[in-house]
Amino acid sequence: MLGGITPKALVRQYGVEMTADGRKVSEVPVPQKPSRKDPDYQVKLAEYEAQVREYQDLIRNGYSLIDLRGKILLFLEAPHQEAFMVLRPILSHDEHEISYPLVEKTEKGQVRTRKVVVRGWPSTIFCTTDIKYIEELATRSITTSPQTTEEKVKEVLALIDQQDANPWNFQETEDTLFIRRVISHVKHIAQEYKVIIPFSNLHEVFPKHLVRFMRDYRHLKGIIKAFAYLRFPNRRIVEKDGQKYILASADDVIDALKLFQAIYETTETGIDERILSFYHNIVEKREEWTLKELTQEYNKQARRKVSSKAIRNWLASLEDIGLVDSEPHPDDKRVLIFRPVKGQEIWKIMEVPHLLVDLLEKSYGEWLENNPEIRSHIVRSELPVLPHMSSNI
């Protein structure tokens, strides 16, 4: 859990110094100067000086390695902007190893460039209200905005009362310990097993009208794999060419689509859930509105009133993402008319479950036909089940 971090702290706290040939500096033997009493002193001294030059070259041309494989980074506050710039291509999964030049001062005050290599793709969780981070993160991650209803605030206040009145009831419970064991176990399984998603036509049900959906599609695939790992006791295993795979099922795909459908809108738009609720509950209900009408309608339904300026800012956000259009009123050019822009019905197939099941069954059959030898590599799952863990998760 990180409360915020700078680029240098990221390197110094998590970096391991490596030599140019990929060895840990701490494991490379330091050349030892020969004793003057040694009869072959001059020869060994020349060898020592050559070893020192080689050693110094290894260190000088080395790098700091930050290995983020298998890590979960939870940022309780948005990281330093420069640190975020370091993380940005990692969040995009551009390359498995990414090099960065980092300028720093030596103990003698000299400026030098240090090479940093970041390896792997961690799971990252960001909690922030800073709009510049939200816009950047929205294209590289799954984004959701919690609702802040009065009922929810009431429940939180009641929970705080309970925590203060009965602190012994809020220690780490069996449920949280079980969740920790599940996460640890899944991470262990993931080191040995990969996941096969045997549905090559899944892209047919995914939206395609924005370029960013190429990244979102990878997020969906990641959710499918997560379901497959979580349900590994009930999944078939494929052993091929020395590698073991968990075979994802149609259930994993359907549940992943349901989950992604629920967070799709905030992920695509990257805006506040409150603004989206305003759009769906009010703006969409009529063909056109004036700012005054929208403000009155919202305040009529809401317990916490807002100004017309706040409503105008919400409409500007909705216009930016293409959900609202505006034009001058035909009778009064000083007044704007706002109209909702109807979106594409991209999740229509989710409303007809049997069509999705038929599509997945057809795709799985095609996968078996295209890989006729695969049947002999499919075996029963022999993965261990956690204590108290149902095989029907």
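Everything below is about the structure shown above.
To keep things clear, this report deals only with the structure shown in the data block. Please read these numbers as outputs of a predicted model, since none were measured by experiment. Counting from 1, residues in each chain are numbered in the order their sequence is written. Local features in this predicted model are restricted to residues whose pLDDT is 70 or higher, and side-chain atom pairs enter the listing and the counts only when it is 80 or higher, whereas totals over whole chains, interfaces and linings include all residues. Hydrogens and water are ignored here; the side-chain numbers use all heavy atoms of the structure.

Contact geometry of helix H9 (residues 273-281) with helix H11 (residues 308-320) gives a least axis separation of 10 Å together with a crossing angle of 90 degrees. Considered as vectors, H9 and H11 are oriented roughly perpendicular to each other. When H9 is examined against H11, the residues Arg274, Ile275, Phe278 and Tyr279 are found in contact with a partner set consisting of Ile311, Trp314, Leu315, Ser317 and Leu318. Simply put, an axis is a line fit to the C-alpha atoms, just over the touching stretch for a helix, and the angle between two N-to-C directions goes from 0 to 180 degrees. Note on conventions: DSSP H or I runs of at least 4 residues are helices, E runs of at least 2 residues are strands, and numbering of each starts at the N terminus. We call two directions roughly parallel when the angle between them is under 35 degrees, roughly antiparallel when it is over 145, roughly perpendicular when it lies between 65 and 115, and oblique otherwise. Working rule for contacts: check all heavy atoms of both residues, and any pair within 4.5 Å makes them a contact.

By this definition, two strands are paired if DSSP reports at least two bridges between them. Strand order in the open sheet formed by four strands is E1-E2-E5-E4, with mixed pairing between adjacent strands. Looking at which strands have only one partner, the edges of the open sheet turn out to be strand E1 (16-18) and strand E4 (97-105). Here the strands of the sheet are splayed against their neighbours by 35 degrees on average, with no regard to which way each runs. In terms of strand pairing, strand E2 (residues 63-67) meets strand E5 (residues 111-119) through four bridges, oriented parallel.

The next point concerns the pairing of E2. Of all five residues that make up E2, four are buried, and the element is covered over most of its length. Here three bridges tie E1 to E2, and the two strands are oriented antiparallel to one another. Each bridged residue has a counterpart across the sheet, and for Val16 the counterpart in E2 is Leu65. Under the scheme applied here, a residue whose accessible area is under 20% of the maximum for its type counts as buried, over 50% as exposed, and between as partly exposed, the area being computed with a 1.4 Å probe on protein chains only.

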